[in-house]
Amino acid sequence: MEKKYAKAVAYVYLTITLLAFSSIEVISKPLMGKVDPFFMTSFRFLIGGLFMMLFVKKDIELKDLAPLTMIGALNSIISMTSLQLAVKYSNASTAATLVASNPIFVSFFAVILLNEKYGWKKYLGILLGFVGIVIFSAGKISGDSWIGIFYGILAALTFGLYTVLMRRYTKKYGPLAVTAYSSLCSSLIYILILAVLGKFTIPTDIILSGWSIIVYLGLIVTGVAYVTYFKAMEVVGATQASRIFFLKPVVATLFAVLSLGESIGIVKILGMAIVLFSLTL
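Residues numbered from 1 in each chain as written. Predicted model: local features only at pLDDT ≥ 70, side-chain atom pairs only at ≥ 80, totals over all residues. Heavy atoms only, no water.

**Some words on the pattern of salt bridges**
Thinking step 1. The final tally for this structure, using the stated rule, is seven salt bridges.
Thinking step 2. Here D64 makes a salt bridge to K63, at a shortest N to O gap of 3.6 Å.
Thinking step 3. Accessibility expressed as a relative area gives 56% for K63, which makes it exposed.
Thinking step 4. For D144, the salt bridge is made with K268, and the minimal N-O distance between the two is 3.1 Å. Note that D144 is positioned in the loop between α6 (120–138) and α7 (146–173) and K268 in helix α12 (residues 266–280), a separation of 124 residues in sequence.
Thinking step 5. The class for K268 is buried, based on a relative accessible area of 0%.
Thinking step 6. When salt bridges with common partners are traced through the structure, they connect E61, K63, D64 and K172 into a single cluster. (Salt bridge = Lys/Arg side-chain N within 4 Å of Asp/Glu carboxyl O. Buried < 20%, exposed > 50% of the residue type's maximum accessible area, 1.4 Å probe, protein only. Helix = DSSP H or I, 4+ residues; strand = E, 2+ residues; numbered from the N terminus.)

**Points about the packing of aromatic side chains**
Thinking step 1. A complete count under the given rule lists 14 aromatic pairs for this structure.
Thinking step 2. Ring geometry for F21 and Y226: centres 5.4 Å apart, planes at 65°, overall edge-to-face. Here F21 is found in helix α1 (residues 2–28), whereas its partner Y226 is found in helix α9 (residues 208–236), with 205 residues between them in sequence.
Thinking step 3. With 5.5 Å between their ring centres and 45° between their planes, F159 and Y162 make a pair best called tilted. Here Y162 and F159 lie together in helix α7, a separation of three residues that amounts to about one turn. The exposure classification of F159 matches that of Y162, with both residues buried.
Thinking step 4. Of the aromatic side chains, those joined through ring pairs into one cluster are F21, Y226, Y229 and F230. (Phe/Tyr/Trp six-rings, centres within 6.5 Å; stacked < 30°, edge-to-face > 60°.)

Have a look at this one:
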């Protein structure tokens, strides 16, 4: 009975994670042009990192802090900033689908960097994934741009590389501790870099609802959703928990169509279907 209850709670956690992760692109889209993507991303990971630290029970050794920060920068500085730029220059549904293809790049980098061996189905999945991305990108419609598609692919690629490089530390400390430390430390470095370059621009012309969105992206999407994801992972396992990412393009696209009035063409649907199918192999 306890096991069934724990599993039910885990799936509630995964639902929260899915809805939060699927809302990133849609809820931040109205702020593009009003809030600098660099500020938004750095502030988001600062809030999220601070929140996650409340749940960390294992300290990181000092010698591992610098590499964790550098690897974390692949996510919080490069990947997630690229995602916001993809949202800025393309449709929210396009950005969401492209970044959700990151498991394809995870598998690719695992073969290249970790010498992982897969069965023929997995290699077929990687190949089909790249084909699906090409078809999806070729199906760009009004609101999409090649620069936005480029940033979406870059977000997926760098997140995939971040995931593979972080595995060594994840095994040592656990995913929550690693994500919390890497997010918080890299966000502080990000803010420092932006401040030195004179690019840390705090928005002054947005109303309370705009700030609510920024806080939501940090506290809920980057804080709560990561915690619920890792809590669920403890019960159902990493493989089962990661399956929620297969649903993100569908849920995010549904959000985009309903709340932003975005349309989606046949070619994009075909590309999305191929990407989703490739992730199941």
